[in-house]
Amino acid sequence: MTSNPIILDCDPGHDDAIALLLALASPELQLLGVTTVSGNQTLEKTTANAIRVLDHVGHADVPVAAGAARPLIRERHTAAEVHGETGLDGPNLPGPSRAPEPVHAVDWIAGTIASSGHPVTLVATGPLTNVGLFLARYPELETRLERIVLMGGAIGEGNTTPAAEFNIWVDPEAAARVFQSHLDLTMVGLDVTHRALMTPAHAERLAAAGRAGKLVADLYSFYARFHSRRYGWEGAPVHDAVAMAHVIDDTLLTTRHRGVLVDTGPEPSRGRTHVDLRQGLGWEPNCHVAVDIDAERFLELLIARISALG
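From a predicted model like this one, the values you see are computed outputs, not experimental measurements.

### Topic: the packing of helix 9 (residues 200-207) against helix 10 (residues 210-231)
Helix-helix packing is characterised by the crossing angle of the two axes and by the distance between the axes. Packing of helix 9 against helix 10 leaves a shortest axis separation of 7 Å and a crossing angle of 150°. By the criterion of interaxial angle, the relationship of helix 9 to helix 10 is roughly antiparallel. For the pair helix 9 and helix 10, the sense of crossing is left-handed. Across from Pro200, Ala203, Leu206 and Ala207 in helix 9, the residues of helix 10 making contact are Gly210, Gly213, Lys214, Val216, Ala217 and Tyr220. When its residues are assigned to classes, the contact of helix 9 with helix 10 shows 7 nonpolar, 2 polar and 1 charged.

So this is what it looks like as structure tokens:
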């Protein structure tokens, strides 16, 4: 099997951690490294969390590089109400065993892409600050990217404001830079991630499936409480894992190639991803927008892969 080389740019975060485990468990992917950004928690905490998850499953060999500690222009916001004070509240993980790479994530991404023998897919599951900075700093390396698959945005209702999803809302200027890049871009937004909820029954299966599965079940237990309070759901979306699963198996999602414009204005529209879904505005298509998901098949893939990780 040919492995698709990927870099995971993330802000762990419960669902980022699950996406990372899914990548490690999938032979279709070659995880070149993890880069971190401020988002669900501060950069210090998201970086520590990436290393803690890798430590837990015996993958200290995977490089981790820390990136942007705040958005390009806006004030910094985190999501402690969703992910807790550590960003990974729930499981009892020890502190990180190592420091991150002694280089900024943007430069680490550039060096890794430049030295790769094959085009690299960038999977972005946090605010797009690092990605926007990379595109601005290293435009000559854009052609070495296979594509960018991001978790973020929404055609319909947001989860941070009525208009906006968290990752795009945190740094809309960086997101606008990415959407204007003319790269092969896929947006995996709330329209599909909210249709694929992990339930207590899924978590029970994972809890009985070894070290990685038990970690996901513990993460789920904390993370699901927020979604029960906010939405009344018996279950929780695993947003970032959906984006990772799309890289593994692109038949899980239905996408439409459409024009997308990121709103960089003030509240209340800040961070909205305006999608010309019906193509009535004549916008040039710049993004493959996820519009539907085979939720049952996605969740079975997630459970089977992470259970096999042990």
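There is more to say after this.
### Topic: the sheet that holds strand 2 (residues 29-36)
Across the sheet, 8 strands lie side by side as 3-2-1-4-5-6-12-9; this open sheet has mixed pairing. The open sheet terminates on both sides in strands that have one partner only, identified here as strand 3 (64-66) and strand 9 (253-258). Mean inter-strand twist for the sheet, computed between neighbouring axes without regard to direction, equals 25°. By the bridge criterion, 5 bridges tie strand 4 (residues 120-124) to strand 5 (residues 145-151) in an arrangement that is parallel. Residue Thr121 lies in a different strand from strand 5, and its bridge partner there is Arg147. Packing of helix 4 (residues 105-115) onto the sheet brings it into contact with strand 1 (4-10), strand 2, strand 3, strand 4 and strand 5, and relative to strand 2 it is tilted by some 160°.

### A closer look at the pattern of salt bridges
This model, assessed by the stated rule, comprises 11 salt bridges. The salt bridge partner of Arg177 is Glu142, with a shortest N-O separation of 3.9 Å. One end of the pair, Arg177, is in helix 7 (residues 172-179); the other, Glu142, is in the loop between helix 5 (129-137) and strand 5, and 35 residues separate them in sequence. Exposure remark for Glu142: the relative accessible area of 17% places this residue in the buried category. Put simply, Arg205 and Glu300 hold a salt bridge, and the shortest N to O gap is 3.0 Å. You can see Arg205 sitting in helix 9 and its partner Glu300 sitting in helix 12 (residues 295-309), a full 95 residues away along the chain.

### Describing helix 1 (residues 14-24)
Most of helix 1 sits out of view: 11 of its 11 residues are buried. By the burial criterion, the buried members of helix 1 are His14, Asp15, Asp16, Ala17, Ile18, Ala19, Leu20, Leu21, Leu22, Ala23 and Leu24.

### Regarding a nonpolar patch on the surface
Judged by side-chain polarity, Leu72, Ile73 and Leu133 come together as a nonpolar surface patch covering roughly 250 Å² of accessible area. Looking at where Leu133 falls in the secondary structure, it is placed in helix 5.

### Looking at unusual backbone geometry
With an omega of -10°, the peptide bond running from Pro12 to Gly13 counts as cis. Here Gly13 lies in the loop between strand 1 and helix 1. Here the bond from Glu267 into Pro268 is cis, since omega is 5°, no more than 30 degrees from zero. With respect to the helices and strands, Pro268 occurs in the loop between strand 10 (260-262) and strand 11 (273-275). With a phi angle near 70°, His182 is a residue other than glycine that sits in the positive phi range. In this fold, His182 is placed in the loop between helix 7 and strand 6 (185-188). Even without glycine at this site, Gln279 takes up a positive phi of about 55°. When you line up the elements, Gln279 lands in the loop between strand 11 and strand 12 (287-293). Taking the relative accessible area as the measure of exposure, Gln279 reaches 47% and is therefore partly exposed.

### Section: the state of the cysteines
Under the criterion given, the structure shown has 0 disulfides. Its sulfur unpaired, Cys10 is 20 Å from the next cysteine sulfur, which belongs to Cys287. Taking relative accessible area as the criterion, Cys287 reaches 0% and is therefore assigned buried.

### A few points about the packing of aromatic side chains
Enumeration according to the criterion identifies 2 aromatic pairs in this entry. Between Tyr231 and Trp233, the aromatic rings sit 4.2 Å apart at their centres with planes inclined by 10°, giving stacked as the arrangement. Of the residues examined, Tyr231 reaches a relative accessible area of 27% and is grouped as partly exposed. For Trp233, a relative accessible area of 22% translates into the label partly exposed.

Reading the values: rules and limits
The residue numbering used here restarts from 1 in each chain and proceeds along that chain's sequence as written. Totals for whole chains, interfaces and linings use all residues, but because this is a predicted model, local features are given only for residues with pLDDT of at least 70 and pairs of side-chain atoms are given and counted only at 80 or more. Hydrogens and water are ignored here; the side-chain numbers use all heavy atoms of the structure. For every element, the axis is a line fit to its C-alpha atoms; helices are fit only across the contacting stretch, and the angle between N-to-C directions ranges from 0 to 180 degrees. Secondary structure elements follow DSSP: runs of H or I of four or more residues count as helices, runs of E of two or more count as strands, with numbering from the N terminus. For classification purposes, angles smaller than 35 degrees are called roughly parallel, those larger than 145 roughly antiparallel, those between 65 and 115 roughly perpendicular, and all remaining angles oblique. Less than a right angle of anticlockwise turn of the near helix away from the far helix marks a crossing as left-handed, whereas a clockwise turn marks it as right-handed. Throughout, a residue-residue contact means that at least one pair of heavy atoms, one from each residue, lies within 4.5 Å. Polarity classes work like this: nonpolar for Ala, Val, Leu, Ile, Met, Phe, Trp, Tyr, Cys and Pro, charged for Asp, Glu, Lys and Arg, and polar for all others, with Gly in that last group. Pairing between two strands is assigned when DSSP locates at least 2 bridges connecting them. Salt bridges, as used here, are contacts in which a Lys or Arg side-chain nitrogen is within 4 Å of a carboxyl oxygen on Asp or Glu. Relative accessible area decides the class of each residue, using a 1.4 Å probe on protein chains only: under 20% of the type maximum gives buried, over 50% gives exposed, and in between gives partly exposed. Distance thresholds for patches are 9 Å for like charges and 5 Å for nonpolar side chains (Val, Leu, Ile, Met, Phe, Trp, Tyr), applied to residues having over 30% relative accessible area and no salt bridge. Per-residue and other accessible areas follow the Shrake-Rupley method at a 1.4 Å probe size, with only the shown protein chains counted as cover for residues. Note on disulfides: each one is a pair of cysteine sulfur atoms within 2.5 Å. In this analysis, rings of Phe, Tyr and Trp, with Trp reduced to its six-membered ring, are considered paired at centre separations within 6.5 Å, and the interplanar angle assigns stacked below 30 degrees, edge-to-face beyond 60, and tilted for intermediate values.

None of this, on its own, says anything about what the molecule does.
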